[in-house]
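# Structural features, examined
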Amino acid sequence: MIGAEAGQDGGADLRCGRRMAVRRGGTAMTAALILAGQVYLWAGAAVAALFLTWGIGRVEPHARGSYLFRPLLVPGCVLIWPLVLWRWRALEQGRDAGCARHRPPRVAQVRIGVALAVLVPLILGLGLVIRQDGPRERPPALLEAAQ
Amino acid sequence: MSVRYVPVQWNRIKWVYDGLLVAGVLAYLVAFLQIGAGMADATRPVDGAILRMRAFGSCAFFLLTVILCIGPLARLDRRFLPLLYNRRHFGVVTFAVALTHAAYVLGWYFAYAPTPPVAALLSSNTSYGTALGFPFEALGAFALVVLALLAATSHDFWLSFLTAPVWKALHLMIYPAYAALVAHVALGYLQDVDNPAFAILFGGGALAVAGLHAAAALEGRREARSAGTWVAVCAPGEIADKRARIVRLPDGDRAAVFRNGARVSAISNACAHQNGPLGEGRIVFGCVTCPWHGYQYRMEDGCSPPPFTEKVPTYNLRLRDGVIEIDARANAPGTPVPPLDVAGMI
Ligand code: FES
């Protein structure tokens with residue numbers, strides 16, 4: 001009996017240990033994710049500095065001589081700097097498809113809209129199905145007779 | 001029309017729009033805080049910080065719900081078009097409200113965490129395998145990142161620099177973000193809330209977005225689908241003078257066929273500024289004028305009159321048995337096309 005109890009305790013310890021290990025793994029992954037995010041944003045800051053002081057005037061005629069609006073572009077440059085580099089290169093090399101500029105992706109938009117129309121009721125249903133009614137929502141019951 | 005970029009383009013209508021928007025947000029927040037404080041459950045004290053967090057969070061949800069309703073509403077009924085014109089300011093305000101919500105969450109729940117608050121938020125619950133107790137915070141974080149991305153790329157410059165297809169594709173991320181936001185609320189606050197009014201408003205808003213998108217998709221399918229290179233438009237007399245008929249081409253693009261007296265020309269329906277619907281505008285002083293912000297284009301070559309430099313694609317037209325037909329292959333922006341002479345047919 002004692003052994004069995006000891007065994008149970010050991011199992012609990014093991015489970016607890018495993019949970020701790022999983023949590024440590026999760027923390028390590030989060031830390032790695034955050035580091036990757038920081039590196040990405042710093043790279044974006046470098047691209048923003050270069051593009052907004054030098055590149056923008058070379059590839060966008062309407063931006064020449066206009067400086068006030070450039071600080072507004074900093075967050076965008078920092079967030080989507082790979083796209084900025086890609087477009088910068090395409091424009092420098094004169095590989096700009098004129099007609100494509102006017103083609104909104106309507107077909108994709110409709111499909112995504114339909115997917116959303118299906119997904120939203122499913123999510124709402126899931127949220128309601130798993131919802132647990134706590135004791136707060138039951139009428140109060142007298143557990144002990146008044147003395 | 002802009003020759004140079006400016007920080008923010010405001011006009012009287014935008015000032016009114018933005019004023020109403022900010023007033024609406026403030027009114028919602030005040031009402032939520034007042035009513036919420038009154039209804040707080042005495043057995044589970046919801047203090048000021050949590051109430052503010054919920055006020056901003058639910059406000060961001062409803063703002064995004066309205067934003068996503070505007071598109072299909074305008075497609076279904078043109079009277080909603082004015083709401084569409086300034087939707088980007090709406091998006092930026094939504095991001096600011098959502099960011100405030102996130103700041104309250106981090107500052108309240110994770111202020112004393114041994115790791116940085118964002119790390120604590122993402123690692124405090126990793127039960128991604130279960131629906132009940134799912135780390136709904138991560139869903140909210142994803143939606144916030146998308147809102148940041150869209151707000152940061154909302155300036156006109158980005159539309160022009162990235163080109164409309166890339167910019168639009170980027171901004172389509174609003175849909176997964178909304179789905180994530182619905183899940184964020186459904187798996188988070190909805191599990192805890194006692195007040196059915198919130199659940200009804202939340203469910204009603206989300207279902208309105210879903211229903212309107214389904215309705216707009218059905219409406220789109222009903223629109224005549226034409227095939228082949230030359231697409232029939234209509235008889236010249238069916239186009240009102242100085243107005244246009246919008247045609248949907250087989251590849252999904254739209255062209256606007258304008259009539260100016262006895263001359264008919266076709267240009268892209270998408271304005272070079274922000275893709276406004278040129279076909280809903282009219283000809284003013286001989287130029288097609290965009291109904292959104294007034295950019296102008298000559299109908300015979302799709303170019304803005306000097307000193308402006310915007311250009312849109314043009315289309316070739318022909319007459320067959322008294323019906324105008326359009327060549328579905330667009331010409332490069334700014335290509336001159338002699339107008340079709342329809343004298344005697346109108
Ligand atoms: S979209 Fe702004 S003028 Fe056409």
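Per chain, residue numbering runs from 1 following the sequence as it is written. Ligands are numbered from 1 and chains lettered from A, in the order in which they are written. Totals for whole chains, interfaces and linings use all residues, but because this is a predicted model, local features are given only for residues with pLDDT of at least 70 and pairs of side-chain atoms are given and counted only at 80 or more. Remark: hydrogens and water are excluded; side-chain values derive from all non-hydrogen atoms of the structure.

Turning next to the domain arrangement of chain B. Residues and elements named next belong to chain B. The domain architecture assigned to chain B consists of domain 1 (12-222) and domain 2 (230-341). Each domain's extent was defined by an automatic or database domain assignment. Distance between the C-alpha centres of domain 1 and domain 2: 38 Å. Taken residue by residue, the interface counts 10 residues in domain 1 and 6 residues in domain 2. Salt bridge, as used here, is a side-chain nitrogen of Lys or Arg placed within 4 Å of a carboxyl oxygen of Asp or Glu. Linking domain 1 with domain 2 are 0 salt bridges, by the criterion used here. The definition of a polar contact used here is a pair of N or O atoms within 3.5 Å, where within protein one atom must be able to donate a hydrogen and the other to accept one, and adjacent residues in sequence count solely through side-chain atom pairs. Applying the counting criterion to the domain 1 and domain 2 interface returns 1 residue pair in polar contact (both at pLDDT 80 or more). Every residue pair with non-hydrogen atoms within 4.5 Å of one another is taken to be in contact.

With that out of the way, let us pick up the packing of helix H2 (residues 48-76) of chain B against helix H4 (residues 87-109) of chain B. Residue and element names in this part refer to chain B. Viewed as axis vectors pointing N to C, H2 and H4 meet at an angle of 155 degrees, and their least axial separation amounts to 8 Å. With respect to their mutual orientation, H2 and H4 come out roughly antiparallel. Taken as a pair, H2 and H4 cross one another with a handedness that is left-handed. A breakdown of the residues in the contact of H2 with H4 according to their chemical character gives 19 nonpolar, 6 polar and 2 charged. The convention used is that axes are lines fitted to C-alpha atoms, helices contributing only their stretch in contact, and that angles between N-to-C directions extend from 0 to 180 degrees. What counts as a helix is a DSSP run of H or I of at least four residues, what counts as a strand is a run of E of at least two, and both are numbered from the N terminus. For this classification, under 35 degrees means roughly parallel, over 145 means roughly antiparallel, 65 to 115 means roughly perpendicular, and everything else is oblique. With the far helix as reference, a near helix turned anticlockwise by less than a right angle produces a left-handed crossing, and one turned clockwise produces a right-handed crossing. Ten residues, namely Ala, Val, Leu, Ile, Met, Phe, Trp, Tyr, Cys and Pro, are considered nonpolar, four, namely Asp, Glu, Lys and Arg, are considered charged, and the remaining ones, Gly among them, are considered polar.

The next point concerns the sheet that holds strand S7 (residues 296-298) of chain B. Residue and element names in this part refer to chain B. Should DSSP find at least two bridges between two strands, the strands are taken to pair. The antiparallel open sheet is built from 3 strands, whose spatial order is S5-S6-S7. Lying at the two open borders of the sheet, with one neighbouring strand each, are strand S5 (282-284) and S7. Strand-to-strand twist of the sheet, defined as the mean angle between neighbouring strand axes without regard to direction, takes the value 45 degrees. Examined bridge by bridge, strand S6 (residues 287-289) and S7 share 3 bridges and lie antiparallel to one another. Along S7, the bridge assignment pairs Val288 with Tyr297.

Looking now at the interface of chain B and chain A. Taken residue by residue, the interface counts 72 residues in chain B and 60 residues in chain A. Together chain B and chain A conceal approximately 5400 Å² of surface at their shared face, both sides included; 72% is due to carbon and sulfur atoms. Summed over the shared surface of chain B and chain A, the result is 0 salt bridges. Here chain B is connected to chain A by 5 residue pairs in polar contact (both at pLDDT 80 or more). Among the elements that take part in the side of chain B that touches chain A, helix H11 (residues 196-222) of chain B stands out by supplying 9 residues, more than any other. Looking at the side of chain B that touches chain A residue by residue, the class counts come to 46 nonpolar, 15 polar and 11 charged. Summed over both partners, the accessible area lost on bringing two parts together, with a 1.4 Å probe, is the buried area.

For the rest of this paragraph, the subject is the environment of Ser124(B). Residue and element names in this part refer to chain B. Summarising the element assignment, Ser124 is placed in the loop between helix H5 (117-123) and helix H6 (136-152). Think of it in three bands: with a 1.4 Å probe and only protein chains considered, a residue is buried below 20% of the maximum accessible area for its type, exposed above 50%, and partly exposed in between. Using a relative accessible area of 35% as the deciding quantity, one classes Ser124 as partly exposed. Only 3.4 Å separates the side chain of Ser124 from the backbone oxygen of Leu121, close enough to count as a polar contact.

A separate point is empty space enclosed by the protein. Residues and elements named next belong to chain B. Note on definitions: the grid is 1 Å and covers protein atoms alone; a cavity is a set of points where a 1.4 Å probe fits but cannot get out; a pocket is an open set with protein on both sides within 12 Å along at least five of seven lines; lining residues have an atom within 4 Å of a point. Grid points are joined across faces, edges and corners, and a volume is the space filled by probe spheres set on the points. What the rule picks out here adds up to 3 cavities of 30 Å³ or more. Considering only enclosed or pocket space, the second largest cavity measures out at about 50 Å³ in volume. Contributing to the lining of the second largest cavity are Val264, Ser265, Ala266, Met299, Thr314, Tyr315, Leu317, Val337, Pro338, Pro339 and Leu340. When contributions to the lining of the second largest cavity are tallied by element, the ones reaching two or more residues are strand S4 (263-268) and strand S8 (314-315). Residue contributions to the lining of the second largest cavity peak at 3 residues, all from S4.

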